[in-house]
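Now for the letters of each chain:
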Amino acid sequence: MVDRNPVAGGPGGGPGTLEPAPGGERDWLRFRDDPAPDEPAVTLDAFLDQSNAGSVRLEAGDDVRRLGPVLDRLRLVEVDFPRFRDGRGFSSARVLREMGYTGEIKATGDVLVDLIYFMRRCGFDSFAPNVPFNREDVNAAMSRYPYVYQPAADDAVPIWKLRHPDLANG
Amino acid sequence: MYRYDKYDQAMVDARVEEFRDQARRRIEGHLTDDQFKPLRLKNGLYLQLHAYMLRVAIPYGTFDSRQMRKLAHIARTYDRGYGHFTTRQNIQYNWIKLEEAADLLGELATVEMHAIQTSGESVRNISADQYAGAAADEIIDPRPWCEMIRQMTTFMPEFSYLPRKFKIAVIASKVDRAALRWHDFALRIVKNDAGEIGFEVYAGGGMGRTPFIAFKIRDFLPTDQIFSYLQAVLRVWNRNARRDNIHKQRMKILVHELGEEEFARQVEEEFQHFLTLATDFPQAEYDRIAAYFAPPPFEQGLSDEIDRSDPEFALWVDRQTVAHKAPGYAIANISLKPIGGIPGDISADQMDLVADLAERYSFDEIRATHAQNLVLPHVRKQDLYAVWQALTEAGLADVNLDLVTDIIACPGLDYCSLANARSIPLAQKIAERFADRQRQQDLGELKIKISGCINACGHHHAGNIGILGVDKKGSESYQLLLGGSGDEETSQAKITGPGFDENGIVDAIERTVERYRAIREPGERFIDTYRRVGMDQFKEAIYG
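Residues numbered from 1 in each chain as written. Chains lettered and ligands numbered in written order. Predicted model: local features only at pLDDT ≥ 70, side-chain atom pairs only at ≥ 80, totals over all residues. Heavy atoms only, no water.

### Observations regarding the overall build of chain B
Point 1. A tally of helices and strands in chain B yields 17 helices and 20 strands.
Point 2. Expected size for 544 residues packed as a compact globule is a radius of gyration near 24 Å; at 23 Å, chain B falls within 12% of this value.
Point 3. Projecting the C-alpha coordinates of chain B onto the three principal axes gives extents of approximately 60 × 60 × 55 Å.
Point 4. Buried positions account for 64% of the 544 residues belonging to chain B.
Point 5. Carbon and sulfur atoms make up 48% of the accessible area of chain B, which amounts to about 19100 Å² in all.
Point 6. Both charge centroids of chain B, one from 67 positive and one from 80 negative side chains, sit 4 Å from each other. (Helix = DSSP H or I, 4+ residues; strand = E, 2+ residues; numbered from the N terminus. Rg over C-alpha atoms; globule rule 2.2 N^0.38 Å. Buried < 20%, exposed > 50% of the residue type's maximum accessible area, 1.4 Å probe, protein only. Areas by Shrake-Rupley, 256 points an atom, 1.4 Å probe, with all protein chains shown as cover. Lys, Arg positive; Asp, Glu negative; His and termini not counted. Charge placed at Lys NZ, Arg CZ, Asp CG, Glu CD.)

### Thoughts on the side chain of A:Asp80
Residues and elements named next belong to chain A.
Point 1. Within the element layout of this structure, Asp80 appears in strand 5 (residues 76-81).
Point 2. The charged side chain of Asp80 is buried without a salt bridge, its nearest counter-charge being Arg57 at 6.7 Å.
Point 3. Within the structure, Asp80 has its side chain in polar contact with the side chain of Thr108 (distance 3.2 Å).
Point 4. Residue contacts for Asp80: discarding those within four places in its chain leaves Leu58, Glu59, Ala60, Thr108 and Gly109. (Salt bridge = Lys/Arg side-chain N within 4 Å of Asp/Glu carboxyl O. Polar contact = N/O pair within 3.5 Å; in protein donor to acceptor, adjacent residues only side chain to side chain. Contact = heavy atoms within 4.5 Å.)

### What to know about the interface of chain A and chain B
Often, the extent of an interface is quoted as the loss of accessible area on bringing the components together.
Point 1. Counting from both sides, the interface comprises 37 residues of chain A and, opposite them, 50 residues of chain B.
Point 2. Regarding the contact of chain A and chain B, the summed buried area is about 4100 Å², with carbon and sulfur atoms giving 57% of it.
Point 3. Linking chain A to chain B there are 11 salt bridges.
Point 4. Ionic pairing is found between B:Arg25 and A:Asp114, a salt bridge with its closest N-O pair at 3.4 Å.
Point 5. Counting every contact that joins chain A to chain B gives 26 residue pairs in polar contact (both at pLDDT 80 or more). (Buried area = accessible area lost by both parts, 1.4 Å probe.)

### Re the sheet that holds strand 18 (residues 465-472) of chain B
Residue and element names in this part refer to chain B.
Point 1. The strand order 16-17-18-19-20 describes an open sheet built from 5 strands, whose pairing is mixed. Edge positions in the sheet fall to strand 16 (408-409) and strand 20 (494-495), since each has one partner strand and no second.
Point 2. By the bridge criterion, 2 bridges tie strand 16 to strand 17 (residues 448-451) in an arrangement that is parallel. Counted as the bridge partner of Ile408 is Lys449 from strand 17.
Point 3. Strands in contact with helix 13 (residues 424-433) are strand 16, strand 17, strand 18 and strand 19 (475-482); relative to strand 17, the strand with the most contacts, it is inclined by about 155°.
Point 4. Packing against the sheet, helix 17 (residues 535-543) makes contact with strand 19 and strand 20, and its axis sits at approximately 145° to strand 19. (Pairing = 2+ DSSP bridges. Axes fitted to C-alpha atoms, helices over the stretch in contact; angles between N-to-C directions.)

### Describing the domain arrangement of chain B
Residues and elements named next belong to chain B.
Point 1. In terms of domains, chain B is made up of domain 1 (6-109), domain 2 (142-291), domain 3 (311-393) and domain 4 (408-543).
Point 2. Taking only C-alpha atoms into account, the centre of domain 1 sits 27 Å from that of domain 2.
Point 3. In this assembly, 9 residues from domain 1 lie in contact with 11 residues from domain 2.
Point 4. When the buried surface of domain 1 facing domain 2 is broken down by residue, Lys42, Tyr60 and Arg88 rank first, second and third, together holding 54% of it.
Point 5. Viewed at the interface, domain 2 and domain 1 are joined by 1 salt bridge. (Domains from an automatic or database assignment.)

Now the structure itself:
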């Protein structure tokens, strides 16, 4: 069974930090405490072609499973959301975590603050939205729901497990 | 029936507060309507022609008197004194103010109701056989699985922005009363040779502008693997569906483009993967939920005799009641299709009356049907007369279940911002034309379904007689379709030919119906005759 990457309680878990991006032009929301990779992310095809890159940028239509054999070279995967209604990136992130990837997954593009809670649950741990979030909205979005109904790529315990604490894991 | 525990209640309460905050941000101008739209849609709030419309979920169509009274209260307080039951076993209110919507949702939460995922690109309210738990022909009550699937699919992180809506139905009998194969994903509970319960699984159905009937993707799925399987289906769709054209993003289009075999192969591959993640809900959780659906304490030794000395009552019994699994009990259907009325509409006072009857005579249970009627599922046969008298007084005792005046109609151009034509006035005209009771009875089962645009909310593709409203050079025009069905022999209706205006379509229906009467063989329903003789006979009658 694939180890699930912790989200809320994991490395750099907590409430996340809003910090200036390296370029300084907008804020990132980051839930990790390792140093942010600063090399530019390359396209999936380019990444698979060259052996020295450590960051890759996935477009919405890219098949994330192609990264399976090369996960150990990766430090950052950027997943682009061309429109917030395009939900393919949610699957990309969760599949990455299911494959055992523990590096950074960053949501970029049209990312709305109302979506970051679900994104966190799918394994995203940093956010570089087109329009910066404000702290208050982030806190509200992240603390809104007291429970979850189903397991995802985080450590959150689904309600059914809380209802049956006597059951073995799984 | 199911009751929330502290977890369910906390989730619904949190949703109300989230929406309250979003509505405030919209009202204060921090969100544009474009930004607000997807947020309100996840809460069932549409902006229609005249006002906001709110769709309230009635999971698998089951609710009780306390909830019905709250729905009546909401109709009086937040709407204009009535509500509208829909083809997904939900209820809609047509005159909602944005400023009051959060309070309304708050009131719903006090009776364990919500509007979560009743619209938007998400897994919608699960629909089910309206006779579940009462039908004489079911293998087992399907509702515990419906409730479990409701919980599995509420706030799914990975599938929070699906390509389009996703509709699920569950039944547990051979006879299909839920239009199973017109759904994106559908389960029929079956028993295998070893006597184990499992799901026969269908995928890729749907109406809309490009109708498809779901194909059987799996003969037998063990019930304890349903969450893995459902996630596999959703992931294959979420990953592969087009995102460039909203009209081509439903799962049925992907199934069609990939082909059933390739779609099934990908689902199977993903399913095997999900099984390794061990995300399925345990048997103990099924057992917990199923306990809420234990059969009510039916009285033993009741007589099956019904005093039929009142001929009006006898007519109602013959048409509106259905065999119950418990001796001495009947399933009673309440028509929301009075001649000249609006299909599916019900006043607040009528809601209260139905609530009273449910409490007193039906173990406090009510069902909403996809045909926009209501059901009292567990009535003692000896109480039927009292029930009928009360319904008669409230204007709810029409005798037309599955008959020509039991018409499904979408809200149409009277309310809906998508519609091309009015549906309600047409439904009223057809009902008035065929109002004669003897004529209706003589015509027998005949399902007319009207949609005011190609989105097909009025299920015209599944109508024995379907009507599609279109905009023809700025005026309303209606196309006539024949031969559709949502039952276990699912079929898609076909267009007869050129369309009609509002009066012309009523005449064309009459010519169709009269041709059926002329050529039917003994015992044949309209759909049987159509299937035997085909379209040409009817075309000739319609167009001469």
